[in-house]
Amino acid sequence: MSENTRVEELVRNAVNQALDRQLASLRETVVQEVLREVGPALSGKSTQPSTSAALQKAVLAIQSGTTQKEILRALLDNTVLYSGRAALFVIKAGIATGWHSTSFPNNETVKDFPLDVTSGLAARVMQSRAAESGSASEVDQEFVTKFGAPADDAAMFLPLLLKDKISALVYADAGTGSGTFDAAALDVLVRATSAWLEVISQRKQSQKEGTTEAAPTAPAANDPFAAHAPMHSAKAQHGAEAAPAAAMSAAAAWGGPTSAPAELPTGEAGEIHRKAQRFARLLMDEIKLYNQAKVAEGRKHKDLYDRLKEDIEKSRQTYHKRYGNTLAGEADYFNQELIRSLAEDDVSLLGSNFRR
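About the cut-offs
- Here the residue numbers are simple positions, counted from 1 along each chain's written sequence.
- Two thresholds apply to this predicted model, a pLDDT of at least 70 for residue-level local features and 80 or more for giving and counting side-chain atom pairs, whereas whole-chain, interface and lining totals are computed over all residues.
- With hydrogens and water stripped out, all remaining heavy atoms of the structure feed into the side-chain values.
- For this document, the term salt bridge refers to a Lys or Arg side-chain nitrogen within 4 Å of an Asp or Glu carboxyl oxygen.
- Helix numbering and strand numbering both begin at the N terminus, where a helix is a DSSP run of H or I of at least 4 residues and a strand a DSSP run of E of at least 2.
- Burial classes: relative accessible area under 20% of the type maximum marks a residue as buried, over 50% as exposed, and values in between as partly exposed (1.4 Å probe, protein chains only).
- Each Phe, Tyr or Trp ring (for Trp, its six-membered ring) is paired with any other whose centre lies within 6.5 Å, and the angle between the two planes then decides the class: stacked below 30 degrees, edge-to-face above 60, tilted in between.
- Here, a charge over a ring means that NZ of Lys or CZ of Arg falls within 6 Å of the ring centre while also lying within 35 degrees of the ring normal.
- At least two bridges found by DSSP between two strands are what make those strands a pair.
- To define a nonpolar core, start from buried Ala, Val, Leu, Ile, Met, Phe, Trp, Tyr and Cys residues and group those joined through side-chain atoms within 4.5 Å.
- Here the axes come from fitting lines to C-alpha atoms, over the contacting stretch only for helices, and the angles between their N-to-C directions go from 0 to 180 degrees.
- For any helix crossing, the convention is left-handed if the near helix is rotated counterclockwise from the far helix by under a right angle, and right-handed if that rotation is clockwise.
- Contact between two residues is taken to exist if any of their heavy atoms lie within 4.5 Å; hydrogens are not considered.
- Ten residues, namely Ala, Val, Leu, Ile, Met, Phe, Trp, Tyr, Cys and Pro, are considered nonpolar, four, namely Asp, Glu, Lys and Arg, are considered charged, and the remaining ones, Gly among them, are considered polar.

### Here we look at the pattern of salt bridges
For the coordinates displayed, the defined rule picks out 15 salt bridges. The partner of Asp-173 in a salt bridge is Arg-85, with the nearest N and O atoms 2.9 Å apart. Taken together, the positions of Asp-173 in strand β6 (residues 165-173) and Arg-85 in strand β1 (residues 85-92) put the pair 88 residues apart, joining distant regions of the chain. Neither Asp-173 nor Arg-85 differs from the other in exposure class; each is buried. Between Glu-138 and Arg-124 there is a salt bridge whose closest N-O contact spans 2.7 Å. Of this pair, Glu-138 sits in the loop between β4 (132-135) and α6 (141-147) while Arg-124 sits in helix α5 (residues 120-128), and the two are 14 residues apart along the sequence. The network of salt bridges with shared partners includes Arg-124, Glu-132 and Glu-138.

### Focus on the packing of aromatic side chains
To describe a pair of aromatic rings, one takes the distance between the centres and the angle between the planes. This structure, assessed with the given rule, holds 12 aromatic pairs. An angle of 70° between the planes, with centres 6.1 Å apart, marks the rings of Phe-104 and Phe-143 as edge-to-face. Within this pair, whereas Phe-104 is found in the loop between β2 (95-102) and β3 (114-115), its partner Phe-143 is found in helix α6, the two being separated by 39 residues in sequence. Phe-143 matches Phe-104 in its accessibility class, with the two residues each being buried. Look at Phe-113 and Phe-143: their rings are 5.6 Å apart centre to centre, the planes differ by 70°, and that puts the pair in the edge-to-face class. Separated by 30 residues along the polypeptide, Phe-113 in the loop between β2 and β3 and Phe-143 in helix α6 bring together distant segments of the chain. Look at Phe-113 and you get buried, because its relative accessible area is 7%. Chaining the aromatic ring pairs together yields one cluster made of Phe-89, Phe-104, Phe-113, Phe-143, Phe-147, Phe-157 and Tyr-171. Residue placement shows Arg-322 over the ring face of Phe-279; its charged tip is 4.1 Å from the ring centre.

### Comments concerning the sheet that holds β1
With respect to topology, 6 strands assemble into an open sheet ordered β3-β2-β1-β6-β5-β4, the strand pairing being antiparallel. One side of each edge strand has no neighbouring strand; the edge strands of this open sheet are β3 and β4. Alignment of β1 against β6, held across 6 bridges, turns out to be antiparallel. Within β6, the position partnered with Leu-88 by the bridge is Val-170.

### Considerations on unusual backbone geometry
The phi dihedral of Ser-103 is positive, around 70°, even though this residue is not glycine. Along the chain, Ser-103 turns up in the loop between β2 and β3. Overall, Ser-103 belongs to the partly exposed group, its relative accessible area being 40%. Positive phi is not limited to glycine here, since Asp-345 has a value of about 65°. Examined against the element boundaries, Asp-345 turns out to sit in the segment after α12 (333-342). The class of Asp-345 is exposed, set by a relative accessible area of 60%.

### So, the nonpolar core
Core analysis: the largest hydrophobic core is formed by 32 residues, its most contacted members being Leu-75, Leu-88 and Leu-189. Mapped by element, the contributors of at least two residues to this core are α3 (49-62), α4 (68-79), β1, β5 (154-162), β6 and α7 (183-207). Counting 24 residues, the second-largest nonpolar core is a separate cluster that includes Phe-279, Tyr-333, Phe-334 and Ile-339.

### A few points about the pairing of β5
Among the 9 residues that make up β5, 7 are buried, leaving the element largely enclosed by the rest of the structure. The pairing of β4 with β5 spans 4 bridges and is antiparallel. When the sheet's bridge partners are listed, Ser-135 is paired in β5 with Ala-154. For β5 and β6, the ladder comprises 8 bridges, and the chain directions are antiparallel. Of the residues in β6, the one forming a bridge with Leu-160 is Ala-168. With antiparallel pairing between neighbouring strands as the criterion, β5 and β6 make up a hairpin whose turn holds 2 residues, including Lys-163 at a positive phi of roughly 55°.

### Looking at the packing of helix α11 (residues 304-323) against α12
Running from N to C, α11 and α12 point in directions that differ by 145°, and their axes come no closer than 11 Å. Like other packed secondary-structure pairs, α11 and α12 cross with a definite hand, here right-handed. Contact residues: Leu-304, Leu-308, Ile-312, Ser-315, Arg-316 and Tyr-319 in α11; Tyr-333, Phe-334, Asn-335, Leu-338 and Leu-342 in α12. Here the residues of the contact of α11 with α12 sort into 8 nonpolar, 2 polar and 1 charged.

Rendered as structure tokens:
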């Protein structure tokens with residue numbers, strides 16, 4: 001083993017150990033942030049201390065997962081504490097298909113079920129990007145006919161957000177028997193899952209930092225459903241040509257991207273620009289994740305740059321080291337994301353000491 005290889009291995013081991021130490025504290029931080037965000041919803045419930053403890057235990061079970069599939073399975077396994085049954089539907093190009101479910105008479109039949117998200121509760125979630133509750137009559141009637149209506153006629157869809165995009169919908173109801181249904185607790189679980197998937201994604205990104213193009217060219221690191229390829233279903237087919245058009249139309253109706261931004265170059269040059277944009281977003285997400293209190297105070301007092309200068313400049317160096325000498329070098333995606341994501345499109349929040 002060469003000296004350089006040995007040093008590289010030592011560095012990688014040190015980084016992995018440091019990240020493992022951080023995960024324990026990050027779990028508790030994410031729990032508290034999610035509970036604080038949905039606190040008002042929970043305050044209206046008659047939640048007993050034992051119920052609160054059970055909810056926190058469920059969130060920690062989700063955050064014990066070290067892979068995306070483990071996290072999502074833990075989410076579904078724990079939904080039964082607060083619902084009679086639940087199912088997760090993957091969103092791809094505006095089309096929703098069953099991924100996994102729990103407490104249905106036959107969970108396998110939910111897999112690959114093509115859920116209609118163009119109307120009713122599901123459509124409202126796609127538009128609002130927030131959990132929506134309603135009656136069973138507002139749910140895809142083919143789904144209700146096949147799997148049975150909930151006994152209390154109440155149903156709920158919750159969005160699983162990854163990188164500001166709805167990657168999946170979680171469906172929950174009380175079941176066809178006498179099951180429980182706690183919408184606020186389910187909201188906590190799904191929000192916690194979204195947050196923890198972001199943490200795991202960024203951890204993988206950090207571990208691959210030493211490989212020049214590893215992070216931007218690995219979509220599976222940010223998409224737990226990257227390998228999900230739904231079977232061709234009768235519901236989705238109106239001819240082979242109709243499906244892509246319907247997907248594009250649905251995505252456009254919900255404001256989702258249907259193609260690369262028009263201003264980007266095409267071909268290989270365009271791909272470099274897209275990678276640079278994604279990397280800049282990742283760096284901003286990382287800053288926000290590890291400095292939540294500073295970000296909140298900085299936005300409030302309009303001095304984000306002063307409070308986060310060290311982190312911002314370190315991230316800027318990382319960005320320029322990777323993309324400064326590429327075709328995307330002059331596009332300044334780092335500052336664009338700094339203003340868009342960190343300062344919420346208000347450059348004044350960065351303060352007077354910020355220079356583009």
